[in-house]
Amino acid sequence: MLEAVLIDLFSLPANLQNNIQGLLCETLENIEKCSSSPTPFVYVMCCQRQGSESNGEQESLLPALRDFQSLKKRLEVVCALTTAAALYTIKRRLDEKDLSIIKVILPTLRKDLMKVYIEHLFTAVYQFEFEDLQLASDCENLQIAEPRRDEQTLPTQDLTLIQSEIQMHLESLPSLKGELTILRSSLIPDDIFLHGFTTRMGGISYIPTLSSCNLFSSSKRRDPQAVVKENLRRLANAAGFNPETFHRVKIDHANAVHIMGKTEPDSYDGIVTNQKGVTIAAPGADCIPVLFADPVRKACGAAHSGWKGTLLGVSMATVNAMVSAYGCNVKDILVVLGPSVGPCCYKLPHESAKEFHRIDPTCVRLFDSASPYIDIRRATRILLESGGILPENIQDDSVTDQNQNITFCTACHPDKFYSHFRDGTNFGTQIGFISIKD
């Protein structure tokens, strides 16, 4: 069922400019007449002239809006200097109401442009349909229609301008939830490596479970890639790395490791490099972002270790890749476990818990229950030590000085970290990152 209608009056052709109020009246009348209950939310998008107040544009449209009482509380005029700014404001309204099925009524010449804006500012969570503004005069136009197949590809110059406009708008937005905060380990020498673990502060993501420094976009979440890219840019500026040479693992919840410089697999949960100036990273939102550093051979790695990856030995697979690719000695490799769900909160079904119990009974609490508590961090440490990593070269939540602890429980600290376990499917993601300094 249609949930929202966007009427694009942003850049009307000359033949429609002279009758903007009549055009809007006709369109609203058609929406009011043809919509089923409940009436969809309606957003009218228009251009704010440089140097003018946005409410001036809204007031010029008031005569066309007064007669639509049934739409009154569900109707909003959004004026901005750019299409990107107006559309992003409307996206916020849609997200506040958890709306995702949208009809866009717009001039024919704007359709291809609008599709590019939508591609960059929205994800597959949303469903869009399009109708020509001058044809919105009967009920059929408000039904969900098949998209046209004959649209032309926009020139590369237009695509570049749109991307630049979106980027400039996102860069202008204030940071949310305070300053961007990076957690660092004293175990990794900062004269050789640049590293850190992010928190949820200091980005521009505004959806509650994603706010604010979300660093992962997917088709199932409402944060688009453009927003994640801006969050990464802000992180890179704060941390001091180049976002253009940033490489994140491609999660498969397994144990494959990508050695940079070799053919990249389709998916992998570990990555290693000895290239200076290249930043590698692993995400986590309960799963452990694990960082590896060898100050002798000057090589580093990052791994994403969820419960499946932990059982499959992704951390030791990353260590072994550093040994085979760069000649590292296992006893020189330093390993830091980042923020992740703790044994205080994390449960698994009994069958899965058995696998952790086999690693060591201390990895499981309340083993005889249907859903025992699991300590994936302890399991990771035990597997690393079994593989030859020195106990003192592993930093996790077992540190005696809690001022040095960075392996916080993500589920227990909603103000600092994202948690899939706590927040559900539309969760945000923090990362652990590392690079070798020039």
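Residues numbered from 1 in each chain as written. Predicted model: local features only at pLDDT ≥ 70, side-chain atom pairs only at ≥ 80, totals over all residues. Heavy atoms only, no water.

Chemist: For this particular structure, what's the right way to read unusual backbone geometry?
Modeler: The bulk of non-glycine residues show a negative phi, and the bulk of peptide bonds are trans. Residues Ser211 and Ser212 are joined by a peptide bond in cis, for which omega reads 5°. Its location among the elements puts Ser212 in the loop between strand E7 (193-198) and helix H7 (225-239). Even without being glycine, Lys177 reaches a positive phi, approximately 60°. Its identity as a non-glycine residue notwithstanding, Lys298 has a phi of 55°, on the positive side. (Helix = DSSP H or I, 4+ residues; strand = E, 2+ residues; numbered from the N terminus.)

Chemist: I keep staring at the confidence of the model for the protein and nothing clicks. Help me out?
Modeler: Detailed reading of the predicted coordinates is not advisable wherever pLDDT falls low. Counting all residues, the mean pLDDT for the protein is 92, and 91% of those residues have values of 70 or more. Predicted confidence for residues 140-150 stays below pLDDT 50, and this span has 22 contacts to residues more than four positions away or in other chains. (pLDDT = per-residue confidence, 0-100. Contact = heavy atoms within 4.5 Å.)

Chemist: Would you take a moment to explain the side chain of Thr429 for this structure?
Modeler: Here Thr429 lies in the loop between helix H12 (420-423) and strand E18 (430-436). At 3.0 Å, the side chain of Thr429 forms a polar contact with the side chain of Arg221. Once residues lying within four places of it in the same chain are set aside, the contact partners of Thr429 are Cys213, Asn214, Leu215, Phe216, Arg221, Pro283, Gly284, Ala285 and Tyr418. (Polar contact = N/O pair within 3.5 Å; in protein donor to acceptor, adjacent residues only side chain to side chain.)

Chemist: Sorry if this is basic, but what is going on with the nonpolar core here?
Modeler: In terms of nonpolar packing, the biggest core is built from 38 residues, with Leu87 and Val104 touching the most fellow members. The element that contributes the greatest number of residues to this core is helix H4 (residues 83-96), accounting for seven residues. Residue assignment places this core across two domains, with domain 1 (4-50 + 62-135) and domain 2 (175-436) each supplying three or more. The contacts of Leu87, once residues within four sequence positions are left out, are Leu6, Met45, Met114, Tyr117, Ile118, Leu121 and Phe122. The next biggest cluster of nonpolar side chains, apart from the first, holds 35 residues, and it includes Cys345, Phe356, Ile376 and Ile382. (Core = buried A, V, L, I, M, F, W, Y, C linked by side-chain atoms within 4.5 Å. Buried < 20%, exposed > 50% of the residue type's maximum accessible area, 1.4 Å probe, protein only. Domains from an automatic or database assignment.)

Chemist: Looking at this model, I keep getting lost on the domain arrangement of the protein. Mind explaining?
Modeler: How large an interface is tends to be reported as the accessible area lost when its parts come together. What the domain assignment lists for the protein is domain 1 (4-50 + 62-135) and domain 2 (175-436). The centre of domain 1, based on its C-alpha atoms, is set 42 Å off from the matching centre of domain 2. Here domain 1 and domain 2 share an interface that buries about 1,000 Å² over both sides, 53% of which is from carbon and sulfur atoms. Applying the counting rule to domain 1 against domain 2 returns two salt bridges. (Buried area = accessible area lost by both parts, 1.4 Å probe. Salt bridge = Lys/Arg side-chain N within 4 Å of Asp/Glu carboxyl O.)

Chemist: Before we go on, may I ask you to explain the packing of H4 against helix H5 (residues 111-121) in this structure?
Modeler: Working note: a packed helix pair is described by the angle between its axes plus the distance between those axes. Contact pair H4 / H5: the axes reach a minimum separation of 11 Å and the direction vectors enclose 55°. As judged from the angle between their axes, H4 and H5 are oblique. The handedness of the crossing between H4 and H5 is right-handed. For the pair formed by H4 and H5, the contact residues are Thr83, Ala84, Leu87, Tyr88 and Lys91 on the first element and Met114, Tyr117, Ile118 and Leu121 on the second. Per-class residue counts for the contact of H4 with H5 are seven nonpolar, one polar and one charged. (Axes fitted to C-alpha atoms, helices over the stretch in contact; angles between N-to-C directions. Parallel < 35°, antiparallel > 145°, perpendicular 65-115°, else oblique. Left-handed = near helix turned anticlockwise from the far one by under 90°. Nonpolar A, V, L, I, M, F, W, Y, C, P; charged D, E, K, R; others polar.)

Chemist: Just to check I follow, could you spell out the pairing of strand E12 (residues 288-294) for this structure?
Modeler: On a regular strand, one side chain projects to one face of the sheet and the next to the other, so that they alternate. E12 sits mainly inside the fold: seven of its seven residues count as buried. Because side chains alternate across E12, one face comprises the buried residues Ile288, Val290, Phe292 and Asp294, and the other comprises Pro289, Leu291 and Ala293, equally buried. Pairing geometry for E12 and strand E13 (residues 299-305), over seven bridges, is antiparallel. Bridge pairing links Pro289 to His304 in E13. A loop of four residues connects E12 with E13, the two strands running antiparallel in sequence, and Lys298 in this loop sits at a positive phi of about 55°. When E12 meets strand E14 (residues 334-337), the two strands line up antiparallel, connected through four bridges. If you follow Leu291 over to E14, its bridge partner there is Val336. (Pairing = 2+ DSSP bridges.)

Chemist: Before we go on, may I ask you to explain the pairing of strand E5 (residues 127-132) in this structure?
Modeler: With five of six residues buried, E5 lies mostly within the body of the structure. Note: strand E4 (residues 101-106) against E5, six bridges, orientation parallel. Following the sheet pairing, Ile105 is matched in E5 by Glu131. In this view, the connection linking E4 to its parallel neighbour E5 by way of H5 has right-handed handedness. (Right-handed = clockwise from strand over helix to strand, strands pointing away.)

Chemist: Any chance you could explain the packing of aromatic side chains here in plain terms?
Modeler: Geometry of an aromatic ring pair is reported as the spacing of the ring centres plus the angle between the planes. A complete count under the given rule lists eight aromatic pairs for this structure. On the numbers, 5.8 Å between centres and 80° between planes, the contact of Tyr88 with Tyr206 is edge-to-face. Remark: Tyr206 occurs in the loop between E7 and H7 and Tyr88 occurs in helix H4; sequence separation between them is 118 residues. Since its relative accessible area comes to 3%, Tyr88 is described here as buried. Overall, the relative accessible area of 13% leaves Tyr206 in the buried class. Look at Phe241 and Phe246: their rings are 5.8 Å apart centre to centre, the planes differ by 15°, and that puts the pair in the stacked class. For the pair shown, Phe241 and Phe246 are each scored as buried. Put simply, the rings of Phe122, Tyr126 and Phe128 pair up and form one aromatic cluster. (Phe/Tyr/Trp six-rings, centres within 6.5 Å; stacked < 30°, edge-to-face > 60°.)

Chemist: What am I meant to see in the sheet that holds E12 here?
Modeler: By definition, the strands of a sheet pair up through backbone hydrogen bonds, in either a parallel or an antiparallel sense. Across the sheet, which stays open at both edges, the six strands sit in the order E9-E10-E13-E12-E14-E17 with mixed pairing between neighbours. Of all strands in the sheet, those bounded by a partner on one side alone are strand E9 (257-259) and strand E17 (394-395). Relative to E13, strand E10 (residues 270-273) runs antiparallel, the two sharing four bridges. Note on E13: the bridge partner recorded for Gly270 is Ala303. Seen against the sheet, helix H9 (residues 314-326) touches E9, E10, E12 and E13 and runs at an angle of roughly 160° to E13.

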